[in-house]
Amino acid sequence: MNRSQLDHILKVHHRDAYLWSRQCCSFDDDLAKDVLQQSYLKILEGQAKLKDTSKAKTWLFSIIRYTAIDELRKAGKVVSISETYDPIDIPEEIDATDYEAIINRLPEMQREVILMVFYHQMTIAQSAEILQIGIGTARTHYDRGKKKLKELITKVQIQEDYGK
Amino acid sequence: MENDEQLERFFDQMKKQDEQLDIPAFPEVKTRKFNLWIPAGIAASLALLGLIMQEPQPLPEGPNEVLIITLQEGDNNEQEFIIEEKAYLDVWESPTASLLTDY
């Protein structure tokens, strides 16, 4: 695949790629731009190769995710959150329209699967491919993430309704 | 997808909010790969420029006159110097030529 073909693929998915980069960087705009730039560089320098053009979006999302993990690790921003972490316990008040803050309360893997499926309209199988985990594990993250996010949304709405 | 309306509504609203985001322009990514054509092109251009800029130097002109000093035996068997001025050398003898004949 030559440079202009790669350029075309990246341009087609640029908006989604930036939004995914933001989501992987805890919605930090500057970091998301850096991560995206580095991801593109990796691709155009041939460090990451696309074998199947039908999986371009999955492949691009996977590169962005791993680049973001590296950058967050370098910046010391990686916080290990166990799967038993209870997001329902909200220490501070969150605005019901602060969707980013709400989704950020989910454990990392659950958040990523939920965003890929509900926001980016991907399948659980595609999510599993991006996260490089088995489909069964991805489904578990999906089910748990869905349950926790529903509880979170309800909790935030109750807080807002009765807090006023 | 049962009972997912709440989540779908949540993400629809999130997407609407994201429509207000400034999406950065697609960056002009310059790869860091070393391109051999660039230094080769510069070297070739410099060489060509050097050839064009180099002016041919005029050849040094020969002396108008040649001063010939010879040592000859005079009438009184005395050695004397003869100094001649000529435009060119018609005879040239190696200073060591006598060695070939004398020894």
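Residue positions are counted from 1 within each chain, in the order its sequence is given. As a convention, the first chain written is A and the first ligand written is 1, with the rest following in written order. Totals for whole chains, interfaces and linings use all residues, but because this is a predicted model, local features are given only for residues with pLDDT of at least 70 and pairs of side-chain atoms are given and counted only at 80 or more.

By the naming in an unreviewed UniProt entry, chain A goes by RNA polymerase sigma-70 factor (ECF subfamily) and is assigned to Algoriphagus iocasae. What UniProt records for chain A under Sequence similarities (unreviewed entry) is the sentence "Belongs to the sigma-70 factor family. ECF subfamily." UniProt positions are given in the numbering used here, feature names are shortened, and annotations may be inferred rather than shown by experiment.

Q: Pulling in residues and values, what's your account of the overall build of chain A?
A: We count a stretch as a helix when DSSP gives it H or I for four or more residues in a row; a strand needs E for two or more, and each element gets its number in order from the N terminus. Within chain A, the secondary structure is distributed over eight helices and zero strands. Start at the N end of chain A and walk to the C end: the helices and strands fall as α-α-α-α-α-α-α-α. Among the 164 residues that make up chain A, the fraction classed as buried is 34%. Whether two residues are in contact depends on their C-beta atoms, placed from the backbone: they are in contact if these lie within 7 Å. The long-range share in chain A, meaning contacts at least 24 apart out of those at least 6 apart in sequence, stands at 64%. Partly exposed residues are those whose C-beta has more than 12 but fewer than 20 other C-beta atoms within 10 Å; with 20 or more the residue is buried, with 12 or fewer it is exposed, and the C-beta atoms are placed from the backbone.

Q: I'd like a description of the pairing of strand E2 (residues 79–86) of chain B, backed by residues and values.
A: Within E2(B), only zero of the eight residues are buried, which leaves the element largely exposed. Hairpin remark: strand E1 (residues 66–73) of chain B followed by E2(B), antiparallel, with five residues in the connecting loop; positive phi at B:Asn77, about 50 degrees. The pairing criterion is simple: DSSP has to find at least two bridges between the two strands.

Q: Any chance you could break down the packing of helix H3 (residues 29–44) of chain A against helix H4 (residues 56–74) of chain A for me, citing the residues and the numbers?
A: Residues and elements named next belong to chain A. At their nearest, the axes of H3 and H4 sit 9 Å apart, and the two run at 125 degrees to each other. In terms of axis orientation, H3 runs oblique to H4. H3 and H4 meet at a crossing whose hand is right-handed. Mapping the contact onto sequence places Leu31, Asp34, Val35, Leu36, Gln38, Ser39, Lys42 and Ile43 in H3 and Ile63, Ile64, Thr67, Ala68 and Glu71 in H4. In terms of residue class, the contact of H3 with H4 is made up of seven nonpolar, three polar and three charged. Think of each axis as a best-fit line through the C-alpha atoms, taken over the contacting stretch in the case of a helix, with angles from 0 to 180 degrees between the N-to-C directions. Here is the rule for angles: anything less than 35 degrees is roughly parallel, anything more than 145 is roughly antiparallel, 65 through 115 is roughly perpendicular, and the remaining ranges are oblique. Crossings are sorted by hand: turned counterclockwise from the far helix by less than a right angle, the near helix makes the crossing left-handed, and turned clockwise it makes it right-handed. Asp, Glu, Lys and Arg are counted as charged, while Ala, Val, Leu, Ile, Met, Phe, Trp, Tyr, Cys and Pro are counted as nonpolar; the rest, among them Gly, fall into the polar class.

Q: Describe the pairing of E1(B), naming the residues involved and giving the relevant values.
A: All names here are of chain B. Judged by how many residues are buried, E1 sits mostly at the surface: zero of eight residues are covered. Examined bridge by bridge, E1 and E2 share eight bridges and lie antiparallel to one another. When the bridges of E2 are listed, Ile69 appears paired with Ile83.

Q: Break down the interface of chain A and chain B for me, citing the residues and quoting the values.
A: Accessible area lost when the parts come together is the quantity often used to give the size of an interface. Each side of the interface is counted separately: chain A has 18 residues, and chain B has 18 residues. Counting residues per element, the ones that place at least two in the side of chain A that touches chain B are helix H2 (14–24), H3, helix H6 (108–119) and helix H8 (135–163) of chain A. Top contributing element to the side of chain A that touches chain B by residue count: H3(A), with five residues. Partitioning the side of chain A that touches chain B into residue classes produces 10 nonpolar, two polar and six charged.

Q: Go over unusual backbone geometry with me, naming the residues and quoting the values.
A: All names here are of chain A. A positive phi angle, near 50 degrees, is found at Ser26, a position not held by glycine. For Ser26, a count of 17 C-beta atoms within 10 Å corresponds to the partly exposed category. Positive phi is not limited to glycine here, since Gln121 has a value of about 55 degrees. Relative to the elements of secondary structure, Gln121 occurs in the loop between H6 and helix H7 (124–131). The exposed category is assigned to Gln121, around which 10 C-beta atoms lie within 10 Å.

Q: Mind laying out the packing of H2(A) against H4(A), listing which residues take part and the relevant values?
A: Residues and elements named next belong to chain A. Two elements in contact, H2 and H4, have axes separated by 9 Å at closest approach and are oriented at 35 degrees. Viewed along their axes, H2 and H4 form a crossing whose handedness is right-handed. In contact with Asp16, Ala17, Trp20, Ser21 and Cys24 of H2, H4 contributes Lys57, Leu60, Phe61, Ile64, Arg65 and Ala68. Tallied by class, the residues present in the contact of H2 with H4 amount to seven nonpolar, one polar and three charged.

Q: Describe the confidence of the model for chain B, and please don't skip the residues or the numbers.
A: Residue and element names in this part refer to chain B. Per-residue confidence for chain B gives a mean pLDDT of 78, with 80% of residues at or over 70. Confidence of the prediction at every residue is given by pLDDT, a number between 0 and 100. No element of chain B has a lower mean pLDDT than helix H3 (residues 97–102), at 71, and none a higher one than helix H1 (residues 5–18), at 94. Confidence estimates for the predicted assembly give a pTM of 0.67 and an ipTM of 0.84.

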